[in-house]
Amino acid sequence: MGIIFAVPGVAQTAALAATGQDPENGLILVAFGLATSGIGWLLAVGPRFTRKPPRPADDVARTEQYIRVVPSSAVTMVVIMLVVVAALSFLTPKGTSPEALPISAVLAVFPLPIAAGMLYSRHLHRNRDRLYTAWLRLR
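Residues numbered from 1 in each chain as written. Predicted model: local features only at pLDDT ≥ 70, side-chain atom pairs only at ≥ 80, totals over all residues. Heavy atoms only, no water.

A. Structural context of helix α5 (residues 101-109). Within the span of α5, buried status applies to P102, S104, A105, V106, A108 and V109. Residues of α5 that are buried in the fold lie against α1 (2-18), α4 (60-91) and α6 (111-126). (Buried < 20%, exposed > 50% of the residue type's maximum accessible area, 1.4 Å probe, protein only. Helix = DSSP H or I, 4+ residues; strand = E, 2+ residues; numbered from the N terminus. Contact = heavy atoms within 4.5 Å.)

Structural data, given as structure tokens:
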């Protein structure tokens, strides 16, 4: 979850620096994102490195639906946010001002790590049998 904040923070930092503003807000967002990501990783250490076998999927129909729907959902989410940011930038009085560009950068980049996470989750679901077999070999 932390990466969802860190990546837009990098975009905000770059936009602030490019417009000659203090990049502190963006750096704070990056630090917050990296800190929450680190805490989340530490909290998940136990399940990541357990010797206990994984539970089988209970709802295969929903998993198959997820695999089908995710690519279009991820692309649609990114495109909609880019359209919204473009509309806000060009249809509002100060949409392209140096003060507004860092906020636009955060909004434009925000759905990218979410879409990447959804696509990665889809990859794990699609390849669950192969990944499970590989995990059993390592065990």
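From this point, the discussion proceeds with the structure in view.
B. A look at a nonpolar patch on the surface. On the surface, I80, V84, L88, I103 and L107 cluster together to form a nonpolar patch covering roughly 410 Å² of accessible area. Counting only elements with at least two residues in the nonpolar patch, the list comes to α4 and α5. The greatest single-element share of the nonpolar patch, amounting to 3 residues, is contributed by α4. Inspection of the secondary structure assignment puts L107 in helix α5. (Patch = residues over 30% accessible without salt bridge, like charges linked within 9 Å, V, L, I, M, F, W, Y side chains within 5 Å. Areas by Shrake-Rupley, 256 points an atom, 1.4 Å probe, with all protein chains shown as cover. Salt bridge = Lys/Arg side-chain N within 4 Å of Asp/Glu carboxyl O.)

C. Molecular detail of the packing of α1 against α5. Running from N to C, α1 and α5 point in directions that differ by 155°, and their axes come no closer than 8 Å. It follows from the interaxial angle that α1 and α5 lie roughly antiparallel. You can see that α1 and α5 cross each other, and the crossing is right-handed. Where α1 approaches α5, its residues V7, P8, A11, Q12, A15 and L16 are matched on the opposing element by L101, P102, A105, V106 and V109. Partitioned by chemical class, the residues of the contact of α1 with α5 number 10 nonpolar, 1 polar and no charged. (Axes fitted to C-alpha atoms, helices over the stretch in contact; angles between N-to-C directions. Parallel < 35°, antiparallel > 145°, perpendicular 65-115°, else oblique. Left-handed = near helix turned anticlockwise from the far one by under 90°. Nonpolar A, V, L, I, M, F, W, Y, C, P; charged D, E, K, R; others polar.)

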